[in-house]
Each structure stands twice: as C-alpha cells, then as structure tokens.
Amino acid sequence: MRLVTLTLLGSLLLSGCGGHMAPVSDYSLNAPESRRAVNTSAPSGYYRVQSGDTLYSIAWRYGKDYRDLARINAIDASYRIYPNQLVRITEIAAPQSVKPVTSTSHTTQAKATQITAAPSTPRVPPVAAARVSNQPTGSVVKPVVEPVVKPVVEPIVEPVVKAIAKTGPLLWRWPASGRVIQSFGAKGKESNGLNISGSRGEPVFSAASGVVVYAGNGLLGYGNLVIINHDETYLSAYAHNDKLLVKEQDRVDVGDKIAEIGNSGVNQIMLHFEIRKEGKPVDPIRYLPPR
C-alpha cells in the first residue's frame, strides 16, 4: 500500500510540472511598459520610489513631464524624492459642477441644495487621526488632533541643479557618428527614438548643453542610461552604454563626451537616442542637423 501511495504522489508531481519552464519577462527596448518589470507593490496609478530613482527617471518611464508629477504630488522645486515614497502617476479628475436651480420655492430650493452638494471625496487615509477627549455628558466635545511627526529620511538624491540658462534656441548635434539603423516610430516596432550603430567604446556626445538629471541603470530596457535636462521644455536620453562618464548634477556642453557605446540591456552594440518635449517623445531627426 505504501509503495502504491508513493507511486501516485510521484505521478502527480510530474504531471503538475508539465515539462514547461516559467516564462521569462521581455526586458527589451521594444517591450511595452506594461511588460517591463516595474515595481508592483504600489497601488494602481502610483509608483513606489526605489533606490537610484529620480523624479526625472520616473517621469521618463511613464512618458510624463517631471513638472506635472511634481505638481500633482506636491513636490517642491527641489524635486526631492524618498525611498518607498508613493508617487501618483495619474492625475485625479476634478468633480464636475452642476448648475444650481434658481427657483424661490422651498421644494425647488431643497432639490437645488441636493443637486449642488459637492460629491463625496474619495476617502484618503489621514496624516494624523483625531481622537475625542473624555469629558462629562453635555459638555462640548473638542477633537484633539495628534501632532504630525514626520520621520527624518534622507532623500535619494540631492536637489538637481535646475537653473539652466536659456540664451537662445538649443544647438543640437548628433550624439554619435554611426548610421541610423532604426528610425523614430519604425513600422511594427515601439520606437521612441533612434538606434545608431557603433563599436564598443566609441564616444557618446551630449546632443545639447544641459544638466545631467539621471545616470544609472534603473530603467529596464535602457541599460546604462544618461538623461540630460536642456531647458524647461527638452530632455534627451542616451541608452545601452558600456560606460557612463558623467554623474547626476553634472553640467555638460554640447559635444561633451558623456558615455561610451555598448550593448547594456540589448544584444546589439548601439546607441539608443531619444528627445522628449514636455515629457513626450519626438522625432530627433527634426532637431538634429543634416548629415
């Protein structure tokens, strides 16, 4: 009987495996954002800040303007973010107002009051809960509000240098000397920029003057990535580098060497280059000089 039981158990285990391995996530550049491994511990519509993130990199990940994220999350102009902080990605729609009824009858006024009453606001956990003090019956009960004690938490990054002098139109240059092997919006592919051929170790240049606001490898699908803030409108990104030669808050001039070409995050050695206008990808060819 014991032998039969062990045999049946072994058969069930083998049939449960089915001979298949767990699927591997697609972290390639062309994978939709929903298929990339972004943190899943945050509620829908939010992102939980991870070590190495900046507000710029979070905005880049979701195709948002960093200033919009700062505004809807009440983040000041230092753009500081903290470990485990929840950053709202989607803005809450404002409730629609209803035109009040102007009749003088009591019945109509009562209806108007009901119609124009503000809709209930979604319940948000309070920062500090109010408790009621014990007082004799009949006395006025006053809520006692607990003081808000904010934990002292070091920000992930120091405030990014945001004073970027704008003396005129941006002067753009090509970030690498190779040929374009995939254009912006290539048919059948999700392409937010240009793929430029090259050999490992070839220089990557800043396409315009600005301030480095991200330098790392925290955005899956981009490998070793540099993001530069050029002015109040434009940012550019340089992905799949073999080596990064700049760090966050570095000021760079157009043509400065900022990285070396590689294939981090992809199989092919190349530079992936993007320009974003107010958070949205645009075709770099419209800005780069003709060759």
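Residues numbered from 1 in each chain as written. Predicted model: local features only at pLDDT ≥ 70, side-chain atom pairs only at ≥ 80, totals over all residues. Heavy atoms only, no water.

## Let's talk about the overall build of the chain
Point 1. Assigned secondary structure in the chain consists of four helices and 14 strands.
Point 2. Across the 291 residues of the chain, 35% fall into the buried class.
Point 3. As presented, the chain carries roughly 18100 Å² of accessible surface, and 56% of it is formed by carbon and sulfur atoms. (Helix = DSSP H or I, 4+ residues; strand = E, 2+ residues; numbered from the N terminus. Buried < 20%, exposed > 50% of the residue type's maximum accessible area, 1.4 Å probe, protein only. Areas by Shrake-Rupley, 256 points an atom, 1.4 Å probe, with all protein chains shown as cover.)

## A few points about unusual backbone geometry
Point 1. The phi dihedral of Tyr79 falls on the positive side, at around 60°, and the residue is not glycine.
Point 2. For Gln249, which is not glycine, the phi dihedral falls at a positive 80°.
Point 3. Here Gln249 shows up in the loop between β10 (234-244) and β11 (251-252).

## Comments concerning helix α2 (residues 55-62)
Point 1. The buried fraction of α2 amounts to seven of the eight residues, a majority that puts the element mostly inside the structure.
Point 2. One or two steps after α2, the chain reaches Gly63, where phi turns positive at roughly 70°.

## Re the packing of aromatic side chains
Point 1. Here the structure, examined in full by the defined rule, presents eight aromatic pairs.
Point 2. Both rings, one in Tyr66 and one in Tyr79, keep their centres 5.5 Å apart while their planes meet at 85°; by these two values the pair is edge-to-face. With a gap of 13 residues between them, Tyr66 in helix α3 (residues 66-72) and Tyr79 in the loop between α3 and β2 (86-88) connect regions that are remote in the sequence. For the pair shown, Tyr66 and Tyr79 are each scored as buried. (Phe/Tyr/Trp six-rings, centres within 6.5 Å; stacked < 30°, edge-to-face > 60°.)

## Focus on the environment of Ala207
Point 1. By secondary structure assignment, the location of Ala207 is in the loop between β7 (203-205) and β8 (210-216).
Point 2. Assessed through its relative accessible area of 0%, Ala207 is described here as buried.
Point 3. For the pair Ala207 and Val254, spaced 47 residues apart in sequence, the C-alpha to C-alpha distance is 5.6 Å.
Point 4. Apart from residues lying up to four places away in sequence, Ala207 is in contact with Leu171, Trp172, Arg173, Tyr238, Val254 and Phe273. (Contact = heavy atoms within 4.5 Å.)

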